[in-house]
Each structure stands twice: as structure tokens, then as C-alpha cells.
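These are the residues of each chain, in order.
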Amino acid sequence: MRPTAERTAKKGMGTTAPGQISIKVSSGPNCHSMANVKLLAEILLNGCVEPQPPIARALRETAAQLKKAEHEVMEFKTPFDCWEVAQATWRLWFQTGAKETLTLVASSGEPIYSTFKWYLETFDIKELTIPELFHLNTKQAEWRYQFAAYWYNTAAKTGTDRPIDALICPCAPSARFPHGHPVWWGYFSLWNILDYPSVILPLKRMKADPDKDAKDLNYVPKDNIRQDELGNW
């Protein structure tokens, strides 16, 4: 579970960049179960990376079970560009160009992990100037306001005249990845930059099925990717 950043005490907790407070470190418990959860839920997809068939089916089946239990379920679309938000998230995480992290890795004598290097290159991580940092902090505040307003305004769509209680979304677009393959972080890093509480719930009866989760032969990625990466879909 991810509570908001200041919800739990963090005295003595270490980080490679303690001066980075734009996206604060959150410390929350790991739980084995969650009982008596009552939801008025919406399904969130972020428009950047489509969930693979097992994840999409898990969302559909979860929505169906909630509806069966007489909960109201509807689709939720983020009020901003999630790719822009993801880029800002990584740049705020590594405001110094990941200098502290890279120095720590170098001190170990080990090479930097290739996937991490890919993230730094993909999100164009470099040391920010003060005006650049101020700009990203301002954008972060705008996105928090937009998201809160959009959430509040769902009251006009629900049957209770109240805003939704929760969002249901993937924590990753795939049930698994090959070792060393980059993972889309945008589904869960969104809650870091917004500083919203979040929790990952396991679906104990859900298993990937080659028949139910057949590969979509008509799938077209939203951006150019290497042909060998396309095989992972």
C-alpha cells in the first residue's frame, strides 16, 4: 500500500537524493489481505501503454464482479497527457541528472543496469536548471489540481451524486516481462507525482490463459518500437 508521503514517519529512512522533495518518498505497509472493501469504482487507462490481454481481462472481470455486487462502475480518463506527466515524474525524481545514483553505482565497481540506463535515456534525464525545476514543480501543482477537480466532478455522473470512491487501474501493462525488459511505470508513478494513496490487490483466482488472452493480431503500438519488442505483446 502506498499512503500519502507524510502519512507515516520516516525517521532514519535513507535515500540517494535526500534533497529531492518535489516527489517525496512514501513509506507504507505490505499486507496479505484486505477485507470488507466497498467501492464505487472507475476504471482508469492512461492512454500511453495499452494493457496486454491478461491485464485487460482482469480489469473487465473485476468490473463485472463489482457490478454484480451492485457497485457502480464507469470509465475514468485522466484530464492531462500521461506521457508528459511520466516525463516530468522521472525528471523530478532525478533532478541532478541522477548524479547521486550514478556515483553510488560507480563506487560499487559494477556497471549500470541496462534497463536503468534505458530509462535515463528515454526520459532524457539531465541536471535541471532552477527555472526548469520551478517549471516542473508548477506543472505538478497544476496536474494535482486538475486531477482533484476531475475526480470531484465525477459526482455529476454517479447515481449517488457523490464523487467516486476509488479508481481501478493496472499497476503494470503486463503480467510478466522478460528479464531486463523495460517496464512502463506510468500506471503507478502517477500516484507518486500526484501524492495519492494507492494499494495493489492480488487477484488470486486470475491466471493468464492462452485461449482467453490470445494475442491481438491487429494491435498497433502507440509509438515506434523495435520489432523484437513487439513480440512481447
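Quick caveat: nothing in here was measured; it's all calculated off a predicted structure.

Trainee: Could you clarify how one ought to interpret the overall build of the chain in this entry?
Mentor: Within the chain one finds 7 helices and 3 strands. The linear arrangement of helices and strands in the chain, starting from the amino end, is β-α-β-α-α-α-α-β-α-α. Burial analysis of the chain (233 residues in total) assigns 36% to the buried set. In the chain, once contacts between residues fewer than 6 apart in sequence are set aside, the share between residues at least 24 apart is 77%.

Trainee: What exactly am I supposed to notice about unusual backbone geometry here?
Mentor: Of all residues except glycine, most have a negative phi; of all peptide bonds, most are trans. The backbone of Asp-161 shows a phi angle near 65 degrees, a positive value even though the residue is not glycine. Locating Asp-161 in the fold gives a position in the loop between helix H5 (130–152) and strand E3 (166–168). Here Asp-195, not a glycine, exhibits a phi torsion of approximately 60 degrees, which is positive. Within the secondary structure layout, Asp-195 lies in the loop between helix H6 (186–194) and helix H7 (227–230). Its relative accessible area of 23% is what places Asp-195 among the partly exposed residues.

Trainee: What should I look at first to understand the pattern of salt bridges in this one?
Mentor: Here the idea is simple: oppositely charged side chains can pair when their charged atoms come close. As enumerated under the stated definition, the model contains 7 salt bridges in all. For the salt bridge of Lys-139 with Glu-84, the shortest nitrogen-to-oxygen distance reads 3.8 Å. Within this pair, whereas Lys-139 is found in helix H5, its partner Glu-84 is found in helix H2 (residues 82–93), the two being separated by 55 residues in sequence. Residue Lys-139 is classed as buried on the basis of its relative accessible area of 18%. Here Glu-84 falls in the partly exposed class, since its relative accessible area comes to 34%. Put simply, Arg-57, Glu-61 and Asp-213 are held in one network by salt bridges that share partners.

Conventions used here
- Residues numbered from 1 in each chain as written.
- Predicted model: local features only at pLDDT ≥ 70, side-chain atom pairs only at ≥ 80, totals over all residues.
- Heavy atoms only, no water.
- Helix = DSSP H or I, 4+ residues; strand = E, 2+ residues; numbered from the N terminus.
- Buried < 20%, exposed > 50% of the residue type's maximum accessible area, 1.4 Å probe, protein only.
- Contact = heavy atoms within 4.5 Å.
- Salt bridge = Lys/Arg side-chain N within 4 Å of Asp/Glu carboxyl O.

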